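The chain contents come next:
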Amino acid sequence: MPTVPLGWFVGVSAVLFFIGTAGVLMRRNAVVILMCVELMLNAANLALVAFSRRSASIDERGSVFVVFIFVIAAAEVAVGLAIILSAYRNQPTVDVDEMHRMKG
Amino acid sequence: MSFDVLELAFFGLLTVGIVSAAIGVVLANRITTAALLMAFTFLNVAGMFVLLGAETIAAFQVLIYVGAITVLILYGVMFTPQNPRAYALFFQRQTPWAALFVAPIGIFVAVYSLSFRDTATGTKGHDLEPLATSVFRDFGFPFEIASVLLLAAMIGAIVLVRREED
Amino acid sequence: MIGNVWLIPAFPLAAFLVCGLFGRRWLHRWTGVIASAAVGASAIVAIGVFLEVLGGKERTTVKLYEWIAVGDFRSNVAALVDPLSSVMLLVVTVVSFLIFVYSNGYMAHDHGVHRFFTWMSLFVFAMLILVMADNYLLMFVGWEGVGLCSYLLIGFWFERPEPYVAAKKAFVMNRIGDWGYTIGMITTFLVFGSMTFTDIFARMERDAPTQSVLTLITIAFFVGATGKSAQLPLYSWLPDAMEGPTPVSALIHAATMVTAGVYLVARSAPLYAAAGPSLVVVGTVGAVTAIFAATIALVQFDIKRVMAYSTVSQLGYMFLALGVGAPVAAIFHLATHAFFKALLFLGSGSVIHGLEGEQDMRKMGGLRRKMPITYWTMLLAGGALAALPPLAGFWSKDEIVGAAYTNGYPILWAVGIVTAVLTAFYVTRAMWMTFHGEPREHHLYEHAHESPSVMTLPLIALAVGTVTLGVAIGWPPDSGFIHTFLGPAVETPGAADHAVAVGTIVALALVSIAAGVLGILIGFAMYVRRRPDPVAVSRAFGWYYRALVNKYYVDELYDHRIVEAFRGLFGIAWAFDVHVIDGIANGIGWIAARSGGGLRRVQTGVVGNYALTIVAGLLVLLVAYGGYAAGVLGR
């Protein structure tokens, strides 16, 4: 009988997720924002694995989804950094509040 | 019985690690500190996976996140040196608003999710075989798509950072 | 073929769309070919329909679709095919076709030629709808349509001020007539419960309404006819309409649109037959208009104006015929007049074209040597207008005045005879001033040339019609083809139906011929021999002559009395249009611009803001979810 209830894992996942969200919305440095996005993804992974392992009969599809999320996250970091470097070449800053050329 | 106490203690430890490291990422002054704290968070999440009995996933977590992604981030940090004075402007202009929105949601979702119950029997380990079967047999096509996507992302990233003279 | 009767308006409609959409950029002068081909195709179908009706088909309704069905009221897009409408279809399509062919030459150098054929095609379409309709409402659609096209085509050369002023005048006067038409139409519905002709005719036979009601309806419709067919008092737009290109004058203001009023009255024959007082009004107005317009035509110097007043006068004859109970004669004259008046106009156009735009007859003269085809065809048409046998005009006009006499209207007969004298005179005058004698402006004369064959061939075709039509369908008088064909369609049982002695017919015919000859002789005397000299005569008549030249000052009268009186109302309407209507339209634009400007500021360009917005949305969703779950929101 597992002692740590499912709810606690999901709670941790939620907390982690919203800390990441706060970071995305609050930090100026683009690289830090990217890091916080990774935190959010991790939170999602955690929740998924928790539900997957703790369902009535272990449903491994949750874990499969997590594998795919790994792949996507890696790709996303690569491309995201490429974009940041591109923008950096334009103007040597990674301050997101300074990047408002698409202003309507 | 001692097993249970161990589990709870382990869980508590990991939770403290995750939450404090995450907060650290958000609030760290130096980027390198933030990056390393992020790596620490990843490690703790891997621990959580182990606690849940998904060891393979935990292994992947360490390999991919701590191994590859952290390194990538550090590269990114390296290639974008900043004027130290810029650190004075730390938070975005919209930070008050962000706090206003995120706090209630976060609290609510966290509290709400604590109420989830599970009925699992909780077999430990043995997650590699079903996982592999599922990925390569049931979800073979998405797997291939994912590889193509990775390839595309790689190419895209290279194209994006290419200098025109090259 | 009758089943395909809807092809007849379909071709010009297609031509209108093609020329309108593609004429300016791609088709240019080819619009003329397309439009002419379309009308030609319509003519062929019209001939087929006519032959089938001829073969003994009963009055048929060909329904295209059910248009309005509200309560008990039905109005369909349907065609009524009977002898009357098939004759009208034939006349409209054939004459239109010849005029279209002619226009290819006349309008060739105009930079707006595609626009010309677009509107002309639309006009033919509307006119065909008018003639084919099986109910007053659909007919009104065509009625308004031809009015619109008349406006567009009169004002065709809108770069100059006179044409668009004339176009406005035409449209406004038409509109006044339309008011009468509308009253007639609505009253028809109130009284008969339907606007469809066959329904009304059936009701008339079973259980006709009182004469006073019928008089109201018929007078109202006649007001409409007055506007459309340029009778007193709504006639003065027609001479001004000569600002439009000559083919327009020929088609719209001679052969087709202005005959719509005549058609309306003829189509409503059962109603008029039962409303005696209306017929008197119709006949009297027609006769007075005929002589009135003829007097003005005596002294006009612009060749097109002479023809315009002549048209007003001849239309008066048609209404005279309707008024004395001879609708067949009216339609007969409509058909012959379409041919010879179109020919006169096209011939005038040929003269104008050959003189590079000169229209004043005082500057013409001796042109018959330079433009022989034009001369001979116009001579035939002029003879028809003067009602010389065996040309077409004689048969129809003689029948009209003859009917006036035999049906008991000697005064109207006398008016008709006097007008015939005047008509013959002014035609002779016009022909002589233009084609005979010594050229008055040598410079113009030197450069005058005959028109190209694309213009002269239609002239010849129309001339053939002018010569043969009268004999072909009107002989013998009162029992020719047209009488047996049309009679049942427009005559009502019990209408003036007395057998007339042959001697009377011959005597009347001789009087008509004598009137025409008299007019020609006076014309010869005054212009060829100069005895009496026209200048002296005009001086002798002094003030009357001046009145005639100034068209009896009718336009001035209208302008001072009527237009001035309403000037305050016009000001109010104008202010309403500028401030309220335009205010709403501009206001909507202003709102769009300002709100767009304001909303633009949401796009800050800072991606973080957008992310925040997403999170805010998430908050809203959660609140909503919570509300539903807690039963606070939703039911």
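Residues numbered from 1 in each chain as written. Chains lettered and ligands numbered in written order. Predicted model: local features only at pLDDT ≥ 70, side-chain atom pairs only at ≥ 80, totals over all residues. Heavy atoms only, no water.

Caption draft 1: Structural context of the overall build of chain C. Broken down by element type, chain C carries 26 helices and two strands. C-alpha atoms of chain C, sized along the principal axes, occupy 110 × 65 × 50 Å. Put simply, chain C has 635 residues, and 56% of those count as buried. Nonlocal contacts in chain C, meaning residues at least 24 apart in sequence, comprise 80% of its contacts between residues at least 6 apart. Computed over 39 positive and 36 negative side-chain charges, the separation of the two mean positions in chain C equals 7 Å. (Helix = DSSP H or I, 4+ residues; strand = E, 2+ residues; numbered from the N terminus. Buried < 20%, exposed > 50% of the residue type's maximum accessible area, 1.4 Å probe, protein only. Contact = heavy atoms within 4.5 Å. Lys, Arg positive; Asp, Glu negative; His and termini not counted. Charge placed at Lys NZ, Arg CZ, Asp CG, Glu CD.)

Caption draft 2: Representation of the overall build of chain B. Looking only at helices and strands, chain B features six helices and zero strands. Listing each helix as α and each strand as β along chain B from the N terminus yields α-α-α-α-α-α. The 166 residues of chain B split such that 37% are buried. For chain B, the proportion of contacts with a sequence separation of at least 24, taken over those separated by at least 6, is 64%. Approximately 9800 Å² of chain B is accessible, and the part contributed by carbon and sulfur atoms is 74%. (Areas by Shrake-Rupley, 256 points an atom, 1.4 Å probe, with all protein chains shown as cover.)

Caption draft 3: Quick look at the nonpolar core. Within the largest apolar cluster, 194 residues are counted, with the highest numbers of intra-cluster contacts made by V5 and Y136 of chain C. Here this core gets 17 residues from one element, more than from any other, and that element is helix α15 (residues 327-354) of chain C. Excluding anything up to four places from it in sequence, V5 of chain C contacts V49, V62, A79, V81, L89 and M132 of chain C. Counting 61 residues, the second largest nonpolar core, distinct from the first, contains I33, M35 and M40 of chain A together with A54 of chain B. (Core = buried A, V, L, I, M, F, W, Y, C linked by side-chain atoms within 4.5 Å.)

Caption draft 4: A look at the interface of chain B and chain A. On the chain A side, the residues contacting the 81 residues of chain B number 76 residues. When chain B packs against chain A, the two sides together hide about 6900 Å² of surface, and 74% of this comes from carbon and sulfur. When residues of chain B are sorted by the area they lose upon contact with chain A, L52, Y65 and Q92 of chain B head the list and together hold 10% of the total. Linking chain B to chain A there are zero salt bridges. Our count for the chain B to chain A interface comes out at eleven residue pairs in polar contact (both at pLDDT 80 or more). (Buried area = accessible area lost by both parts, 1.4 Å probe. Salt bridge = Lys/Arg side-chain N within 4 Å of Asp/Glu carboxyl O. Polar contact = N/O pair within 3.5 Å; in protein donor to acceptor, adjacent residues only side chain to side chain.)

Caption draft 5: How the structure looks around the pairing of strand β2 (residues 73-81) of chain C. All names here are of chain C. Counted residue by residue, β2 has eight buried out of nine residues, so it is predominantly covered. Relative to β2, strand β1 (residues 60-70) runs antiparallel, the two sharing nine bridges. What sits directly across from I68, in β2, is S75. Taken together, β1 and the strand that follows it, β2, pair antiparallel across an intervening segment of two residues, in which G71 is found at a positive phi of about 60°. (Pairing = 2+ DSSP bridges.)

Caption draft 6: Structural view of the confidence of the model for chain C. With 96% of its residues at a pLDDT of 70 or more, chain C shows a mean pLDDT of 86. As scored by the predictor, the complex reaches a pTM of 0.72 and an ipTM of 0.91. (pLDDT = per-residue confidence, 0-100.)

Caption draft 7: Quick look at the packing of aromatic side chains. Per the counting criterion, the structure on display carries 33 aromatic pairs over all chains. On the numbers, 6.0 Å between centres and 10° between planes, the contact of F108 of chain B with Y112 of chain B is stacked. Residue F108 of chain B and its partner Y112 of chain B are located together in helix α4 (residues 95-113), separated by four residues, close to a single helical turn. Three or more aromatic residues joined by ring pairs form one cluster here, namely Y136, F140, W143, Y181, F197, F201 and F221 of chain C. Positioned above the aromatic ring of F156 of chain C is the side chain of R115 of chain C, whose terminal nitrogen or guanidinium carbon lies 4.4 Å from the ring centre. (Phe/Tyr/Trp six-rings, centres within 6.5 Å; stacked < 30°, edge-to-face > 60°. Lys NZ or Arg CZ within 6 Å of the ring centre and 35° of its normal.)

Caption draft 8: View of the environment of A82 of chain A. As for its position among the elements, A82 of chain A is in helix α3 (residues 61-90). Judged by relative accessible area, which is 4%, A82 of chain A ranks as buried. Apart from residues lying up to four places away in sequence, A82 of chain A is in contact with A157, L160 and V161 of chain B.

Caption draft 9: View of the interface of chain C and chain B. Listed as interface residues are nine residues of chain C and, on the opposing side, ten residues of chain B. Contact between chain C and chain B buries roughly 790 Å² in total, counting both sides, with carbon and sulfur atoms accounting for 81%. Taken as a group, L612, L619 and L622 of chain C account for 55% of the area that chain C buries against chain B, more than any other trio of residues on that side. Linking chain C with chain B are zero salt bridges.

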